[in-house]
Amino acid sequence: LVMRIENCSNGEAMRLLEQKFFGNISFSFHRSNNSPIPEKEREPTTQITNVSELNALALLNYLNKRSIDTDIAKQYCKEINYTVNDKPYYGIGFQNQSGGYEIRNPYFKGCIAPKDISYIQQTDKRDTCYLFEGFMDYLSFLTIRKNQNPQFPCSDWQDYIILNSIANLPKATRLLSDYEQIHCFLDNDTAGITAYKELEKEFTLHIRDASRHYSEYKDLNDYLCGKKRPKIAGQNKITKLAPQPPKKKNRGLKM
């Protein structure tokens, strides 16, 4: 601890401790203003250098591997060039309400602050809102709708909230109170289940757990990619996906 605080060697730390406990010399456990901060203790400096249309081949290939429709991704996402401690990187950026960006690429998942939810409202007021944990789930949902009914994906029949982090749930709760119907497309894990239970207490009859449509999968993107979770011995039979509605009111997957 002394070595870290005082930025000194083992021998110097021992002498300081000896002076503290065996002499009358005052010793403070506060870093001197002149002591340099070790490199690994410094917070990384992240800065956006450019925001442009999503065109990088590596990023489009990454979306293809996750079965995301790239035309949909280009509509809602940007290509973000950014630096971390002056080292250049780029990724898929999805903007939140505070102007920050959720960033994804094959090697990184994170956020360029500020962190916040993303709220997508249609031109006319809607009485239904679909809630997602991350923007890849949101893009997966839009892709599923398009795949099932390219002519009428009905993606504008409701508003959308993307949490970008379960920690942002309280921010979403305030907005969700304005809707008659809430459909939750959260992850099938402890955090997602806990979040849904909290919302269920608040909204009771107005809320629906849409994760039952992909209960064999961790999340909506895994469902889109056909990547099932390993079966656990003794696990109850999984509910199958609901059938598609009649073509007359074709909305894609009944979610």
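Scroll up to find the structure.
Notes on the structure follow. The shown structure was predicted, so the numbers you read here are calculated from the model rather than taken from an experiment. (Residues numbered from 1 in each chain as written. Predicted model: local features only at pLDDT ≥ 70, side-chain atom pairs only at ≥ 80, totals over all residues. Heavy atoms only, no water.)

Let us look at the packing of helix 6 (residues 169-176) against helix 7 (residues 190-203). One way to put it is that helix 6 packs onto helix 7 with a least axis distance of 12 Å and a crossing angle of 30°. Our classification of the angle between helix 6 and helix 7 gives roughly parallel. Crossing angle aside, the handedness with which helix 6 passes helix 7 is right-handed. Only Ala195, Glu198, Leu199, Glu202 and Phe203 of helix 7 make contact with helix 6, whose side of the interface consists of Leu169, Thr173 and Leu176. (Axes fitted to C-alpha atoms, helices over the stretch in contact; angles between N-to-C directions. Helix = DSSP H or I, 4+ residues; strand = E, 2+ residues; numbered from the N terminus. Parallel < 35°, antiparallel > 145°, perpendicular 65-115°, else oblique. Left-handed = near helix turned anticlockwise from the far one by under 90°. Contact = heavy atoms within 4.5 Å.)

To continue, consider the nonpolar core. Of all hydrophobic cores here, the largest spans 31 residues; its most connected members are Ile92, Phe132, Tyr138, Leu139 and Tyr160. Secondary-structure elements contributing two or more residues to this core are helix 3 (57-65), helix 4 (70-76), strand 3 (87-95), strand 7 (128-132), helix 5 (135-148), strand 8 (159-162) and helix 8 (220-225). Among the elements that make up this core, the one with the highest residue count is helix 5 (seven residues). Formed by 18 residues, the second largest nonpolar core is a distinct cluster that contains Tyr119, Ala172, Ile182 and Tyr196. (Core = buried A, V, L, I, M, F, W, Y, C linked by side-chain atoms within 4.5 Å. Buried < 20%, exposed > 50% of the residue type's maximum accessible area, 1.4 Å probe, protein only.)

Further remarks concern the pattern of salt bridges. Once their charged atoms are close, side chains differing in charge can pair, the charge on each being opposite to the other. Counting across every chain of the model gives 10 salt bridges. Linking Glu53 and Lys78 is a salt bridge whose minimum nitrogen-to-oxygen distance equals 3.0 Å. Of this pair, Glu53 sits in the loop between strand 1 (46-52) and helix 3 while Lys78 is found in strand 2 (residues 78-84), placing the two residues 25 residues apart along the sequence. Using a relative accessible area of 30% as the deciding quantity, one classes Lys78 as partly exposed. Asp219 is paired through a salt bridge with Lys218; the nearest N and O atoms lie 3.9 Å apart. (Salt bridge = Lys/Arg side-chain N within 4 Å of Asp/Glu carboxyl O.)

On to the packing of aromatic side chains. All told, the structure shown has 16 aromatic pairs when counted by the stated rule. When the centroid spacing of 6.3 Å and the interplanar angle of 40° are considered together, the rings of Tyr82 and Phe108 count as tilted. Here Tyr82, found in strand 2, pairs with Phe108, found in strand 5 (residues 108-112); they are 26 residues apart in sequence, far enough to count as distant. A relative accessible area of 4% places Tyr82 in the buried class. Ring geometry for Phe94 versus Phe135: centroids 4.9 Å apart, planes at 10°, classification stacked. A residue pair is termed long-range when its members are at least 10 positions apart, and Phe94 in strand 3 and Phe135 in helix 5 qualify at 41 residues. An aromatic cluster is defined as three or more aromatic residues linked by ring pairs; in this entry it consists of Tyr76, Phe94, Tyr130, Phe132, Phe135, Tyr138, Phe141, Tyr160 and Phe185. (Phe/Tyr/Trp six-rings, centres within 6.5 Å; stacked < 30°, edge-to-face > 60°.)

Bringing the sheet that holds strand 5 into the picture now. Taken together, five strands build an open sheet; the order of strands is 1-2-3-4-5 and the sheet is antiparallel. Each end of this open sheet is capped by a strand with a single partner; those strands are strand 1 and strand 5. When strand polarity is set aside, the average angle formed by the axes of neighbouring strands in this sheet is 35°. With five bridges connecting them, strand 4 (residues 101-105) and strand 5 associate as antiparallel partners. By the bridge assignment, Ile103 is partnered in strand 5 with Gly110. The sheet contacts of helix 3 involve strand 2, strand 3 and strand 4, and relative to strand 3 the element is tilted by about 45°. (Pairing = 2+ DSSP bridges.)

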